[in-house]
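# Analysis of the macromolecular model
So you can see what is in the structure, the chains are spelled out below.
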Amino acid sequence: KAGVTQTPRYLIKTRGQQVTLSCSPISGHRSVSWYQQTPGQGLQFLFEYFSETQRNKGNFPGRFSGRQFSNSRSEMNVSTLELGDSALYLCASSLSPRPNTEAFFGQGTRLTVV
Amino acid sequence: ELKVEQNPLFLSMQEGKNYTIYCNYSTTSDRLYWYRQDPGKSLESLFVLLSNGAVKQEGRLMASLDTKARLSTLHITAAVHDLSATYFCAVDSVFQGGSEKLVFGKGTKLTVNP
């Protein structure tokens, strides 16, 4: 059974650019969550999607957005990139919206903003 | 807002020794998760603790949950080098409307020396 797939694995972008990251959940999983991991702030929740609807969002500026498609694949977009957006972005999938369903994480996308 | 604190943040131990990592959280929750992360890799689920008094063991790792004390422990028995990694605990935080996110501790970086 394939795991959570995130693409690309690595990205280097320039300040002011925008970026789109993709996450394909485990087959049959319909809920996707995104987390940002940085050395300073640790792991922080970005947003969660279920059935193409954003269920909740963490404390991030509006430059961070996302969406989910009918096949449960999700994308997140960051516009007007800042140096502080450099991070490992992790996607997690679960069968249904949590609670009571375990979250499985992808390998992450390492974004570097220069 | 829910806060999760782990200690110690750094742990260097010799092979064969025992040690415990502590995870305290600030508000009531019945579900706690332990993850392992190797450098540059994603989060691997170790344990899901779903009720007060839950204890789970896998190999040299044993996790427990005391919801009344808002405390979870991850005990390492007879450490081996392969256990070197960063260990995170995470707790469910409930949004209005019932949806949830994971709130992570800052992680404990474990180094097991020969």
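Just above sits the structure.
Quick caveat: nothing in here was measured; it's all calculated off a predicted structure. (Residues numbered from 1 in each chain as written. Chains lettered and ligands numbered in written order. Predicted model: local features only at pLDDT ≥ 70, side-chain atom pairs only at ≥ 80, totals over all residues. Heavy atoms only, no water.)

### Here we look at the overall build of chain B
What counts, and what does not: Here a helix means four or more residues in a row that DSSP labels H or I, a strand means two or more in a row labelled E, and each is numbered from the N terminus. Exposure classes here rest on a 1.4 Å probe applied to the protein chains alone. A residue is buried below 20% of its type maximum, exposed above 50%, and partly exposed in between. By the convention used here, residues are in contact when the closest approach between their heavy atoms is within 4.5 Å. The Shrake-Rupley method, run with a 1.4 Å probe sphere, supplies the accessible areas, and residue values consider only the shown protein chains as cover. This count recognises Lys and Arg as positive and Asp and Glu as negative, with His and chain-terminal groups excluded. Charge placement uses NZ in Lys and CZ in Arg. For Asp and Glu, CG and CD serve respectively.
The helix and strand inventory of chain B stands at zero helices and 11 strands. Ordered by position in the sequence, the α and β elements of chain B form the string β-β-β-β-β-β-β-β-β-β-β. When its C-alpha atoms are laid out on the principal axes, chain B stretches across 50 × 30 × 20 Å. Taken across its 114 residues, chain B has 47% of its residues classed as buried. Long-range contacts, defined as pairs at least 24 residues apart, comprise 53% of the intrachain contacts of chain B with a sequence gap of at least 6. As displayed, chain B has an accessible area near 5700 Å², and 49% of this comes from carbon and sulfur atoms. Here chain B holds 12 positive side-chain charges and 11 negative ones, and the gap between their average locations is 3 Å.

### Considering the pairing of strand 5 (residues 43-49) of chain B
All names here are of chain B. Put simply, the rule reads: For two strands to be treated as a pair, DSSP must find no fewer than two bridges joining them.
In this sheet, strand 5 lies alongside strand 4 (residues 32-37) in antiparallel orientation, the contact comprising six bridges. In the strand pairing of strand 5, Leu 32 is matched with Leu 49. Connecting strand 4 to the next strand, strand 5, in antiparallel fashion are five residues, including Gly 40 with a positive phi near 75°.

### A few points about the interface of chain B and chain A
Formally: We define buried area as the total accessible area lost by two parts upon association, computed with a 1.4 Å probe and summed across both. By definition, a salt bridge exists where a carboxyl oxygen of Asp or Glu is found within 4 Å of a side-chain nitrogen of Lys or Arg. We call two N or O atoms a polar contact when they sit within 3.5 Å, provided that within protein one can donate a hydrogen and the other can accept it, with sequence-adjacent residues counted only if both atoms are side-chain atoms. Gly is put with the polar residues, along with every residue not named as nonpolar or charged; the nonpolar set is Ala, Val, Leu, Ile, Met, Phe, Trp, Tyr, Cys and Pro, and the charged set is Asp, Glu, Lys and Arg.
Counting residues at the interface gives 20 residues for chain B, matched by 21 residues for chain A. Overall, the association of chain B and chain A removes approximately 1800 Å² of surface from exposure, summing both partners, and the carbon and sulfur fraction of that is 51%. If you look at where chain B meets chain A, you find zero salt bridges. Our enumeration of links across chain B and chain A arrives at four residue pairs in polar contact (both at pLDDT 80 or more). Looking at side-chain class alone, the side of chain B that touches chain A contains eight nonpolar, six polar and six charged residues.

### What to know about the state of the cysteines
All names here are of chain B. Worth spelling out the cut-off: To count as a disulfide, a pair of cysteine sulfur atoms needs to be within 2.5 Å.
Inspection of the entire model under this criterion finds two disulfides over all chains. Between the sulfur of Cys 23 and that of Cys 89 lies a disulfide, 2.0 Å long from S to S. On the sign convention where negative means left-handed, the S-S torsion of about 80° between Cys 23 and Cys 89 marks this disulfide as right-handed. With Cys 23 in strand 3 (residues 19-25) and Cys 89 in strand 9 (residues 85-94), this pair connects stretches of sequence that are 66 residues apart. You'll find Cys 23 and Cys 89 in the same group, each marked buried.

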